[in-house]
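Listed here are the chains, written in short residue letters.
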Amino acid sequence: MDLDALEKKRYKEYKSIKKVYCPILDCNVHFNYKGWRHMRYKANTHTRVSNDLARRFSLFPQAKRIISSKKCGVRAESGNKFINIYLENGKITVMLRRKIGSKVTYYYSIWDS
C-alpha cells in the first residue's frame, strides 16, 4: 500500500474512534485534531519525512489496544503547559497529553523503540 492510501485509511480510522477508555488512568482518551496533526507534522509544522509517516501510520492501529490495556507501564512528565503521559507496552509507546488544569486527556503520538 502506498503512503497516500495508508494515510487515507488511517485518517478514516482515526476520525472514527472519538474516545477510548483507559483503565490505568481511569478516564477517556479523546482522539482530536491535535493528535492527528502531530502524527502528520513535526512541532514546527514541517511535514514528517515519508519513512516516519509510514512507521507512525503502521503503528497507529496498536494505539487503541494499548490505551485500553490494563497491563502496560506508565510514566508522566509535567511541563509548563502540559502533562505528557506515556503508556509503554513492550517496544511501543503511546503518548497522551493533558493541558494543566484540564480534565481532558487526548492521544498525541505513537512510536516504537
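The following refers to the structure shown. Worth saying up front: this structure is predicted, and the values here are computed from it rather than measured.

Remarks on the layout of surface pockets
Any space left empty among the atoms is revealed by the rolling of a water-sized probe across them. Quantified by volume, the largest pocket comes out at close to 190 Å³. Contributing to the lining of the largest pocket are Lys34, Arg37, His38, Tyr41, Lys42, Ala43, Thr45, Phe82, Arg97, Tyr106 and Tyr108. Within the residue set of the lining of the largest pocket, elements represented by two or more residues are helix H2 (33–40) and strand S6 (105–112). Among the elements that take part in the lining of the largest pocket, H2 stands out by supplying three residues, more than any other. Residue composition of the lining of the largest pocket, by class: five nonpolar, two polar and four charged.

Observations regarding the pairing of strand S3 (residues 73–78)
Bridge count between S3 and strand S4 (residues 82–89): six bridges; the pairing is antiparallel. Each residue of the ladder has a partner; that of arginine 75, found in S4, is tyrosine 86. Counted along the chain from S3 to the antiparallel partner S4, the turn is three residues long.

Basis of the calculations
Residues numbered from 1 in each chain as written. Predicted model: local features only at pLDDT ≥ 70, side-chain atom pairs only at ≥ 80, totals over all residues. Heavy atoms only, no water. 1 Å grid on protein atoms, 1.4 Å probe; cavity = no way out; pocket = protein on both sides within 12 Å on 5 of 7 lines; lining within 4 Å. Points joined across faces, edges and corners; volume = space filled by probe spheres on them. Helix = DSSP H or I, 4+ residues; strand = E, 2+ residues; numbered from the N terminus. Nonpolar A, V, L, I, M, F, W, Y, C, P; charged D, E, K, R; others polar. Pairing = 2+ DSSP bridges.

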